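Close look at the chain arrangement
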Amino acid sequence: MYNKLQYISQGNTIEEQLYNIHQALDAGCDWVQMRFKNQTTKDTFALAEAVKFLCEEYLANFIVNDNLYLAQQIAADGVHLGLTDMNIAEARAILGTTKIIGGTANTFEDIENHVKNSCDYIGLGPFRFTKTKEKLSPVLGLSGYVAIIEKMKNSHLKTPVYAIGGITLDDVTQLIETGIHGIAVSGMITSSDQKKKLIQQLNEKLYANVIV
């Protein structure tokens, strides 16, 4: 099963991105989604190559945000597609069955559609307002997750769901109790000056009721 903690990268330059990703990996994060928006093809490729090398060194999963052809070109572990990106079914036809394909969702209907098109995991959000993303979908709050996860259970949909969007350490236990699989975070890890301790605390909460 997939890791319960995903780190979504931040940084406006290749150097900032690499620094933040390296810090997260070094602190114990083992799933990186590279998010590098509005950059040149050359810079994005250069960053992806470096991040792939880092993730291989740390035995971490490497997912490319939005850019399916880049993910294919550098043989990343997979791609994460937003609601306005390429259709999941089309992406699956291109990448094949061995790569991970994640999809963003804001409603139960989004999830139904992704699952039908053989999506591997869902990034459901936003949990609350966040500055990290432009054009934010309607905020779900805890009650939104409870309602959507309940509908998934009733429809026997078992695709792993990750909460995303403005999550803090104090939110994690309540979110996990809704039945989600894990969380995807960005600013919380990037801005922490005690990343190792934070990731340890996050994992303790995320895996609290998991029987090994």
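So, here is what we can say about the structure in this document.

Thresholds, definitions, all that
- Residues numbered from 1 in each chain as written.
- Predicted model: local features only at pLDDT ≥ 70, side-chain atom pairs only at ≥ 80, totals over all residues.
- Heavy atoms only, no water.
- Core = buried A, V, L, I, M, F, W, Y, C linked by side-chain atoms within 4.5 Å.
- Buried < 20%, exposed > 50% of the residue type's maximum accessible area, 1.4 Å probe, protein only.
- Helix = DSSP H or I, 4+ residues; strand = E, 2+ residues; numbered from the N terminus.
- Axes fitted to C-alpha atoms, helices over the stretch in contact; angles between N-to-C directions.
- Parallel < 35°, antiparallel > 145°, perpendicular 65-115°, else oblique.
- Left-handed = near helix turned anticlockwise from the far one by under 90°.
- Contact = heavy atoms within 4.5 Å.
- Nonpolar A, V, L, I, M, F, W, Y, C, P; charged D, E, K, R; others polar.
- Pairing = 2+ DSSP bridges.
- Right-handed = clockwise from strand over helix to strand, strands pointing away.

1. Looking at the nonpolar core
Ranked by size, the top nonpolar core spans 59 residues in total, and within it L5, F62, L124, I167, I180 and I183 carry the most contacts. Ranked by residue count, the leading element in this core is helix 2 (residues 41–57), at 5 residues. Counting 5 residues, the second-largest nonpolar core is a separate cluster that includes W31, I63, I100 and Y162.

2. Considering the packing of helix 1 (residues 14–26) against helix 2
In helix packing, the relevant descriptors are the interaxial angle and the interaxial distance, both defined with respect to the helix axes. Between helix 1 and helix 2, the shortest axis-to-axis distance is 10 Å and the interhelical angle comes to 15°. Judged by the inter-axis angle, helix 1 sits roughly parallel to helix 2. The two elements helix 1 and helix 2 cross, and the hand of that crossing is right-handed. Facing I14, Q17, L18, I21, H22 and L25 of helix 1, the residues of helix 2 in contact are D43, A46, L47, A50, V51, L54 and C55. In terms of residue class, the contact of helix 1 with helix 2 is built from 10 nonpolar, 2 polar and 1 charged.

3. Side note on the pairing of strand 4 (residues 78–81)
Here strand 4 shows a buried face lined by G78 and H80 and a second buried face lined by V79 and L81. Inspection of the sheet shows strand 3 (residues 61–65) paired to strand 4 by 3 bridges, in the parallel sense. If you follow I63 over to strand 4, its bridge partner there is G78. Chirality of the crossover, the property in question, places the unit of strand 3, helix 3 (residues 68–73) and strand 4 among those that are right-handed. Handedness of the crossover joining strand 4 and strand 5 (residues 100–105) through helix 4 (residues 88–95): right-handed.

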